[in-house]
Structure formats: structure tokens, C-alpha cells
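Analysis of the macromolecular model
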Amino acid sequence: MKVAILMSTYNGEKYLKEQIESLQKQTFEKWELFVRDDGSTDNTVSIINKLQTKDPRIHFIDDEKVQLRPMKSFLYLLNKVSADYYFFCDQDDYWLSEKLDLMLKMGKLDKPQLVYCGLKCVDQNLKPLKNDFENMMGTIWDYSRFIGNDMPGCVMMFNSKLRDIVISSTKNYEGIVMHDWWIALIAQTFGTIEFLNKKLILYRQHGNNSIGAGKNGSLIEKILQRGVIKKQKNLVYQTYNQSLVFYNTFKDQLTENDKVFLEDYINSPNKGLIYRNSLFKKYNLRGTSTIRLLAYKTLFVFNLNNILKDSK
């Protein structure tokens, strides 16, 4: 059984060595780490080179490409590496020692499968933080995945059958929000998704995160956060556009039920308020929290056409 851990780095010198050390402490030891750098200007590459000379499981993919950004960088690695199971790994987190072992025990190779675990938000010194992001994992299922994502890439494990669908179908990155969300949609539609309700990653929050975990606080505090309405409008646009791309990519392979849902959803701009509102009940669409769902639903029902128009 070949287990591949894929890591994309960019100016990660501060936490990279500690993250890789957490991989080396895994109770499951037969893994290989494949790292590509996205144009770092610090000591990231020299740290990788030094570590790979000491551990033959570590491989540096020196492709000389720069500024692919996380989505394209991780998908590039996915295209280059063959394995039975895949894990995405960020440069600044810390994996608990049983992460690989516990997730691999849930693995199956007979059909496309994705397994994801929980995480614990911590500060730059790995001290626990209060952040409601860690409560998002395991809150999304079925068609709700098209309007929200509850799994960052670092919590995912997926098998070769799912990977093969991803790389054979993903030729154009336009419209895809992030690689992890796109893979979750493919797993939802063509395979299975299972949630391991254990927090197996220390998810570090600091000023240099590419994508942070968001804010904690009361409903009023969240509503009053600077730019929150703009962010929610952007989410409505991104999810609609991603769903349209997904439909156009896979329409000849979809089941009748999946095709009907996606057609109902992407035809929403041509329909009225009652129609758009009814979609949420008809398909039991949920969010990662009541607040997020309320914000999304309100903007989708009452302002979808303006959001799509303004985003062009």
C-alpha cells in the first residue's frame, strides 16, 4: 500500500520543520512526502533539501514553476504522484501521531472514497484557541456541499479511484473555488464521504495563513465584522459559478437526481423569490452554521441576480 502526503510550500521556514517532524512521529510509518515549492524567497527550499537528505521518504519536486497558488499547486502534485491513498498537508500545521493510522483504517479501494477528520485550532505556539471553525467539520452532507464546504484539504484522505476522476476531469481551473472543495464535490457525486469525528490536526492560526479559520464571537459581532457582507456575496457568486462548472464538466455522467438538482440550482437566476427559497427546503440545504446558512440564503434568494451581474 502506497501512501502519499502532498505538501505545497511558500515562505514556510518558520513552521515547516515542526510540521514535517509531526509526520515523522506518525505511528503509521510507511508514507512518502512529496513537496513542491511555489517560489519561496526565504529558507524553505534549503530546509526541504536538508530534511530529504536525512529521510528517504521525503521528496522535493523541483519543477521551477512559481506562483501557481495553493489550488493549482496541490492539483499539480496530485497529477504527478501515484499512490493508493492521498493526504494534503499544509506547511504550518501539526499532525497528531495517530492521524494516518486512524484514517487509513477507514480506507477502502473498491470505489471512490474520501475520509475526513476533525481539527483543533491553535495559536502559533500550538496553544488551543477558541474558534468556531473547528466545529464546522462534519456539518455538511449531500447537496449542501454545493453551497458550503466543511473540510479544508489538511483533514482529507482519499483513494486512487477518486484521484483518477479528479485528474482526468479537471482540465480548466476557472470557476473552481479551491482544490479541496472541488474534490469533495466529486466524492459526493461519484463516491462516498465518511467523517472521522476525531481532532487529529493542530490547525495553526497566525498572520501568514493563506486561508484562515475565520472569527469567533456572537451573532452581532459576526454581522458587524468589516467586509462580512462582501464576503458572503462573494461566496454566493463562487458557489453558483462552481456548481455551473461542475454541471458542465460532468453532465453526461450524472445520475438523474443529481442532474435535476444542479439544473434546479443553476436555473435559479431565471426564477422568482419563491422558487429560490423553496430550493433550500426541497433539497434540505444546510450550512456549516445557522448564521452562515441564514446569510447565504438571504443573499441567494433576494439578491442572486445582482450578485451575478456585479461579479462579471
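Note that the structure is predicted; figures quoted are calculated from it, not measured. (Residues numbered from 1 in each chain as written. Predicted model: local features only at pLDDT ≥ 70, side-chain atom pairs only at ≥ 80, totals over all residues. Heavy atoms only, no water.)

1. Describing unusual backbone geometry
Short version of the rule: Strands are runs of DSSP state E lasting at least two residues, helices are runs of H or I lasting at least four, and both sets are numbered from the N terminus onward.
Its identity is not glycine, yet Asn11 carries a phi of approximately 45°, on the positive side. By the secondary structure assignment, Asn11 is in the loop between β1 (3-9) and α1 (16-24). Even without being a glycine, Gln67 presents a positive backbone phi close to 55°. Along the chain, the position of Gln67 falls in the loop between β3 (58-60) and α3 (69-80).

2. Some remarks on the packing of helix α6 (residues 179-190) against helix α8 (residues 228-250)
For clarity, the cut-off: Fitted lines through C-alpha atoms serve as axes, helices being fitted only where they are in contact, and the angles separating the N-to-C directions of these axes extend from 0 to 180 degrees. What sets the label is the angle itself: under 35 degrees gives roughly parallel, over 145 gives roughly antiparallel, 65 to 115 gives roughly perpendicular, and the rest give oblique. Put simply, a crossing is left-handed when the front helix is turned counterclockwise from the back one by less than a right angle, and right-handed when it is turned clockwise. The contact rule is simple, with two residues in contact once any of their heavy atoms fall within 4.5 Å. The classification used treats Ala, Val, Leu, Ile, Met, Phe, Trp, Tyr, Cys and Pro as nonpolar, Asp, Glu, Lys and Arg as charged, and all other residues, Gly among them, as polar.
Viewed as axis vectors pointing N to C, α6 and α8 meet at an angle of 50°, and their least axial separation amounts to 12 Å. Between α6 and α8, the crossing angle belongs to the class labelled oblique. You can see that α6 and α8 cross each other, and the crossing is right-handed. Here Trp181, Trp182, Leu185, Ile186, Thr189 and Phe190 of α6 come into contact with α8, specifically with Leu235, Thr239, Gln242, Val245, Phe246, Thr249 and Phe250. Here the contact of α6 with α8 is composed, by residue class, of 9 nonpolar, 4 polar and no charged.

3. Focus on the side chain of Gln113
Short version of the rule: The rule is simple: take the accessible area with a 1.4 Å probe, protein chains only, and divide by the maximum for that residue type; under 20% is buried, over 50% is exposed, in between is partly exposed. Polar contact criterion, stated in full: a pair of N or O atoms within 3.5 Å, where within protein one must be able to donate a hydrogen and the other to accept it, and residues adjacent in sequence count only if both atoms are side-chain atoms.
Position of Gln113 relative to the elements: it lies in strand β6 (residues 113-122). On the basis of relative accessibility, which here comes to 2%, the residue Gln113 falls in the buried class. There is a polar contact of 2.8 Å between the side chain of Gln113 and the backbone oxygen of Met106. Only 2.9 Å separates the side chain of Gln113 from the side chain of Glu194, close enough to count as a polar contact.

4. Description of the pairing of β1
Which entries qualify depends on this criterion: The pairing criterion is simple: DSSP has to find at least two bridges between the two strands. A clockwise course of the path from the first strand over the helix to the second, judged with the strands pointing away from the viewer, identifies a crossover as right-handed.
Counting buried residues in β1 gives 7 out of 7 residues, a clear majority hidden from the surface. On β1, burial covers both faces: Val3, Ile5, Met7 and Thr9 on one face and Ala4, Leu6 and Ser8 on the other are all buried. Bridge analysis of β1 against strand β2 (residues 31-37) gives 7 bridges, and the strand direction is parallel. Bridged to Ala4 within β2 is Glu32. Between β1 and its parallel partner β2, the chain crosses via α1, and the hand of that crossover is right-handed. Pairing between β1 and strand β4 (residues 85-89): 5 bridges, direction parallel. Pairing of Val3 across the sheet is with Tyr85, part of β4.

5. What to know about the packing of α1 against helix α2 (residues 44-54)
Interhelical geometry of α1 versus α2 gives an angle of 30° and a closest axis separation of 10 Å. Between α1 and α2, the interaxial angle falls into the category roughly parallel. The crossing of α1 and α2 is right-handed. Counted together, Leu16, Lys17 and Ile20 of α1 and Thr44, Ile47, Ile48 and Leu51 of α2 form the full contact between these two elements. Classifying every residue of the contact of α1 with α2 by side-chain character gives 5 nonpolar, 1 polar and 1 charged.

6. Notes on the environment of Ser144
Relative to the helices and strands, Ser144 is located in the loop between β6 and β7 (156-159). Relative accessible area serves as the criterion here: at 1%, Ser144 is assigned to the buried category. Distance from Ser144 to Gln124, taken between C-alpha atoms, is 32 Å for residues 20 residues apart in sequence. When residues no more than four places from it in sequence are discounted, the contact partners of Ser144 are Asn284, Leu285 and Arg286.

7. Quick notes on α8
Short version of the rule: Expected span of a helix: the number of residues minus one, times 1.5 Å.
Between its first and last C-alpha, α8 extends 33 Å over 23 residues, near the 33 Å set by a 1.5 Å rise per residue. Inspection of α8 places Val228, Gln232, Val236, Thr239, Tyr240, Gln242, Ser243, Val245, Phe246, Tyr247 and Phe250 among the buried residues, and these make up the whole buried set.

8. What to know about the environment of Val260
The residue Val260 is located in helix α9 (residues 256-266) in this model. Here Val260 falls in the partly exposed class, since its relative accessible area comes to 32%. With 210 residues separating them in the primary sequence, Val260 and Lys50 have C-alpha atoms 53 Å apart.

9. Section: the packing of aromatic side chains
Under the convention used in this document: Any two rings among Phe, Tyr and Trp, with Trp reduced to its six-membered ring, count as a pair given centres within 6.5 Å; such a pair is stacked if its planes are under 30 degrees apart, edge-to-face if over 60, and tilted if neither. Charges are assigned to positions over rings by a cutoff of 6 Å between ring centre and Lys NZ or Arg CZ, combined with an angular limit of 35 degrees from the ring normal.
This structure, assessed with the given rule, holds 21 aromatic pairs. Their ring planes at 45° and their centres at 4.9 Å tell us that Tyr116 and Phe195 sit as a pair that is tilted. With Tyr116 in strand β6 and Phe195 in strand β8 (residues 192-204), this residue pair connects regions lying 79 residues apart in the sequence. The partly exposed category is assigned to Phe195, whose relative accessible area is 28%. It is Arg36 that lies over the ring of Tyr76; its NZ or CZ is 5.6 Å from the centre. Over the ring of Tyr275 we find Lys271; its NZ or CZ atom is 5.5 Å from the centre of that ring.

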